[in-house]
Amino acid sequence: MKRFLGFVRKEFYHIFRDKRSLFILFGMPVAQILLFGFAITNEINNVDIAVLNQSKDVNTQEITQKIDASKYFTIKRFLTSEKEIEEAFKKGDIKAVINFEKDFSEHLIKEGQGSIQILTDATDPNTASAITNYISSIIQSYQQQQNQGVQMDYQIHPEVRMVYNPELKSVFMFVPGVMTIILMLVSAMMTSISITREKELGTMEILLVSPLSSFQVIVGKVVPYIFLSMINAAIIIFLGITVFKMPIAGNLILLGLESVLFIITSLALGILISTMVKTQQTAMMISLMGLMLPVILLSGFIFPISSMPPPLQVISNIVPAKWFITIAKGIMLKGVGLGYLLKETLILIGMTVFFIALSIKKYKIRLE
Amino acid sequence: MKEENVIISKGLTKRFGGFTAVDAITFEVKKGEIFGFLGANGAGKTTAMKMLIGISNPTGGEAMVAGFDVHTQQDAIKKNIGYMSQKFALYDDLTVAENITFYGGIYGLSRKQIREKRTKLIETLGLGEIAHQLVGSLPLGWKQKLAFSVAMLHDPQIVFLDEPTGGVDPITRRQFWEMIYKAADKGTTIFVTTHYMDEAEYCHRVSIMVAGKIEALDTPKKLKEQFEVSSMNDVFLRLARNIE
């Protein structure tokens, strides 16, 4: 045991003396959470738009005012002809143009139908569709105001309620996601780098020749990172709660335990990587390309899995991060307990056992 | 006093699939001897050494190292030998003192033992002023001496040195060999592989491996007489050419 503790102490020396790994360990989580929280957002806020009003009557004035008054849009410019529309988009400062047809009110009253054209800059498709939705709903609500008291044959009122994240704050989606990425990267990448570094330096040989068992060596390598990853998870949850006012609906202890499970899964993956490669560089490349991309693209962190093509949906099942994100979102946003997350938890445990078994096998082959 | 053998190898063999890396090598090493283990790259000397230090399982044959069986008592062997490899096995980002403490720790020395050894070692090597500097900042020669001393820290019966002097200047090599002689005088057995044929001359006895087999084993002097040449380098070339 004393041998083992001496080994763990040495690992901490390595970590705290290496500025690069310290930065990855503690700089990255904070930077990512702030970046995703503040900068990368799907929310619509004060988007600059332009209006081309070809009829200039009461209805069009009212609609224009209603749009300008909302917090989502700012009318930056009024255009005078359709020719100016393209020019306005090309400048790039406006994201949408609202074009009222000639004699809008007249058509509305006489024919019961008025046309409004909404043009959006779809170079950014997500924002474009969000903008159209928002503008349409503003116009919709104006129409309902106008029709109040008027008898209509039919009227369908869809009443929408967004549960678990009523304000549609994207940061609520990012906190579990970033936590997953960070835990995965820190645990898997740092372990694989630190083991391959010993191989590269030749110190691994010395450790194998020493009375330390290979099991002690591997566990000794892993223990400091379990500890540091837990600190990271705590930092991320703390930032989520304090800076972004994220409510944690579920049990914090359960969240902590599930995080430890996921950390161990990632560490096992890191050990597996290190048994397969020889240099730190390859270990880093594999961790970044082989882990970071699937975690971002296939875990449901940014792109919903349900809207992926079927082959990708199948592949996403082997990404451990997918299961942890489901768990983290479930606990943080929905407040569900272990009962609802049993399947995900068991899958993560299964993966961990598989990775460990595989690395022990690989490790033995190398020793033979 | 009867000379005792600390390494006894009988027909030790290692096969990788159809390729025989080490082909039934038989030899003995006496206590306190400096035994040179020579061979060209790929001749199988590293593989043979790995079996002797307990990190590779032999395919056939027998060997006893420090009184323990390489097949069944690898853990006991590990406790009784020291090892230094061609790459310097010290941690650059740890200080001199921390490196010593770490190696003492993994060999199971008590805290008190480690403290005494550390003080003594730092004093003998004259490292007093830089004991708390990172090893990475030391010149190569110093690192090498330190690595050797660290491998000797737990007073092993045998020290295995795998090309210990690669890439160092002749003066440092000379000093390093003086350390080896001192250790051997105290009764430690030295098992050393090397590329440098002039170093082979320093050994008490040398074996030369060619294509997995030990083709020659004797004192440097007798080997030179046997092949009727004036240097170990020529002995080596003769052997390599005969095989071809």
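Residues numbered from 1 in each chain as written. Chains lettered and ligands numbered in written order. Predicted model: local features only at pLDDT ≥ 70, side-chain atom pairs only at ≥ 80, totals over all residues.

**Some thoughts on the overall build of chain A**
Rule in force here: Under the scheme used here, helices are H or I runs from DSSP no shorter than 4 residues and strands are E runs no shorter than 2 residues, and both carry numbers assigned from the N terminus. Buried residues are those with 20 or more other C-beta atoms within 10 Å of their own C-beta, exposed residues have 12 or fewer, and partly exposed residues lie in between; C-beta atoms are placed from the backbone. Here the contact rule is simple: place C-beta atoms from the backbone, and any two residues whose C-beta atoms are within 7 Å are in contact.
Secondary structure assignment for chain A yields 14 helices and four strands. Buried residues in chain A amount to 33% of all 368 residues. In chain A, 77% of the contacts between residues at least 6 apart in sequence involve partners at least 24 apart.

**Let's talk about the sheet that holds strand S3 (residues 96–100) of chain A**
Residue and element names in this part refer to chain A. The following threshold applies: Strands are labelled as partners when DSSP assigns at least two bridges between them. Fitting a line to C-alpha atoms yields each axis, with helices limited to the stretch in contact; the angle taken between N-to-C directions then spans 0 to 180 degrees.
Pairing is mixed across the open sheet formed by four strands, whose spatial order is S2-S1-S3-S4. The open sheet terminates on both sides in strands that have one partner only, identified here as strand S2 (73–79) and strand S4 (116–120). The sheet shows a mean angle of 25° between the axes of neighbouring strands, taken without regard to direction. With six bridges joining them, strand S1 (residues 47–53) and S2 adopt parallel strand pairing. In the strand pairing of S2, Val 51 is matched with Phe 78. Packing against the sheet, helix H3 (residues 58–69) makes contact with S1, S2 and S3, and its axis sits at approximately 140° to S2. Sheet strands in contact with helix H4 (residues 83–91) are S1, S2, S3 and S4, and its direction is about 135° off that of S2.

**Let's talk about the packing of helix H1 (residues 2–17) of chain A against helix H9 (residues 214–242) of chain A**
Residue and element names in this part refer to chain A. Rule in force here: If an angle is under 35 degrees, it is roughly parallel; if it is over 145, roughly antiparallel; if it lies from 65 to 115, roughly perpendicular; otherwise it is oblique. When the near helix sits turned anticlockwise from the far one by under a right angle, the crossing is termed left-handed; a clockwise turn instead gives a right-handed crossing. Three classes are used: nonpolar for Ala, Val, Leu, Ile, Met, Phe, Trp, Tyr, Cys and Pro, charged for Asp, Glu, Lys and Arg, and polar for all others, with Gly counted as polar.
It is the contact of H1 with H9, at a shortest axis distance of 9 Å, that shows an interaxial angle of 45°. The orientation of H1 relative to H9 falls into the category oblique. Here H1 runs over H9; the crossing is right-handed. Along its contact with H1, which presents Phe 4, Phe 7, Val 8, Glu 11, Phe 12 and Ile 15, the element H9 presents Gln 216, Gly 220, Lys 221, Val 223 and Pro 224. Broken down by class, the residue content of the contact of H1 with H9 amounts to seven nonpolar, two polar and two charged.

**A few points about the domain arrangement of chain A**
Under the convention used in this document: Boundaries of every domain are those given by an automatic assignment or by a domain database.
For chain A, the assigned domains read domain 1 (9–40 + 169–367) and domain 2 (47–146). Using only C-alpha atoms to locate each centre, domain 1 of chain A and domain 2 of chain A end up separated by 47 Å.

**A few points about the pairing of strand S4 (residues 60–65) of chain B**
Residue and element names in this part refer to chain B. Strand direction decides the pairing type here: strand S1 (residues 5–16) and S4, joined by five bridges, are antiparallel. Bridge pairing in S4 places Ser 9 opposite Ala 63. Of the strand pairs in this sheet, S4 and strand S5 (residues 68–69) are connected by two bridges, and their pairing is antiparallel. Each bridged residue has a counterpart across the sheet, and for Val 65 the counterpart in S5 is Phe 68. Hairpin connection of S4 to S5: two residues between the antiparallel strands, including Ala 66 at a positive phi of 55°.

**Focus on the nonpolar core**
Rule in force here: By convention in this section, buried Ala, Val, Leu, Ile, Met, Phe, Trp, Tyr and Cys residues joined through C-beta atoms within 7 Å make up a nonpolar core.
If you look at the biggest cluster of nonpolar residues, it comprises 69 residues, and the most contacted ones within it are Leu52(B), Phe160(B), Ile190(B) and Phe191(B). Apart from residues lying up to four places away in sequence, Ile190(B) is in contact with Ile34(B), Phe35(B), Val159(B), Leu161(B), Ile180(B), Ala183(B) and Ala184(B). Judged by nonpolar contacts, the second largest core, of 55 residues, contains Val175(A), Met190(A), Phe262(A) and Ile331(A).

**Quick notes on unusual backbone geometry**
Residue and element names in this part refer to chain B. Positive phi, close to 40°, is recorded for Glu 163, a residue that is not glycine. By the secondary structure assignment, Glu 163 is in the loop between strand S7 (158–162) and helix H6 (170–185). Owing to 18 C-beta atoms within 10 Å, Glu 163 belongs among the partly exposed residues under this scheme. A positive phi angle, close to 45°, is found at Ala 211, a residue other than glycine.

**A few points about the environment of Ala233(A)**
Residues and elements named next belong to chain A. Inspection of the secondary structure puts Ala 233 in helix H9. You can call Ala 233 buried: it has 24 C-beta atoms within 10 Å. Each C-alpha atom, one on Ala 233 and one on Val 186, is 11 Å from the other, the two residues being 47 residues apart in sequence. Contacts of Ala 233, omitting those with residues within four sequence positions, involve Met 179, Leu 183 and Ser 259.

**Digging into the interface of chain B and chain A**
With 20 residues of chain B in contact, the opposing surface of chain A contributes 21 residues. Broken down by element, the side of chain B that touches chain A gets its largest block of residues, four residues, from helix H3 (residues 96–106) of chain B. A per-class count over the side of chain B that touches chain A returns nine nonpolar, five polar and six charged.

**Quick word on the sheet that holds strand S8 (residues 189–193) of chain B**
Residue and element names in this part refer to chain B. Ordered by their spatial adjacency, six strands build an open sheet running S6-S7-S8-S3-S9-S10, and the pairing between neighbours is mixed. Edge strands, defined here as strands with exactly one partner in the open sheet, are strand S6 (81–84) and strand S10 (213–218). Strand-to-strand twist across the sheet, computed as the mean angle between neighbouring axes with direction ignored, equals 15°. Judged from the five bridges that link them, S7 and S8 form a sheet pairing that is parallel. Within S8, the residue paired with Asp 162 across the bridge is Thr 193.

**Details of the environment of Ser9(B)**
Residues and elements named next belong to chain B. Topologically, Ser 9 is positioned in strand S1. In the structure, Ser 9 is positioned 43 residues away from Leu 52 in sequence and 8.8 Å away in space, judged by C-alpha atoms. Excluding anything up to four places from it in sequence, Ser 9 contacts Ile 25, Thr 26, Phe 27 and Ala 63.

**Some remarks on the confidence of the model for chain B**
Residue and element names in this part refer to chain B. Spelled out, the test is: Each residue gets a pLDDT score, which is the predictor's confidence in that residue and runs from 0 to 100.
Taken residue by residue, chain B gives an average pLDDT of 88. The fraction at 70 or more is 98%. Confidence, expressed as mean pLDDT per element, reaches its minimum in chain B at helix H9 (residues 232–243) with 80 and its maximum at S8 with 94. Overall fold confidence for the complex sits at a pTM of 0.76, while the interface term, ipTM, reaches 0.82.

**Here we look at the packing of helix H5 (residues 140–151) of chain B against H6(B)**
Residues and elements named next belong to chain B. At a minimum axis separation of 10 Å, H5 and H6 run at an interaxial angle of 15°. By the angle between their axes, H5 is roughly parallel relative to H6. The hand of the H5/H6 crossing is right-handed. Facing H5, whose interface residues are Gly 141, Gln 144, Lys 145 and Phe 148, H6 presents Thr 172, Phe 176 and Met 179.

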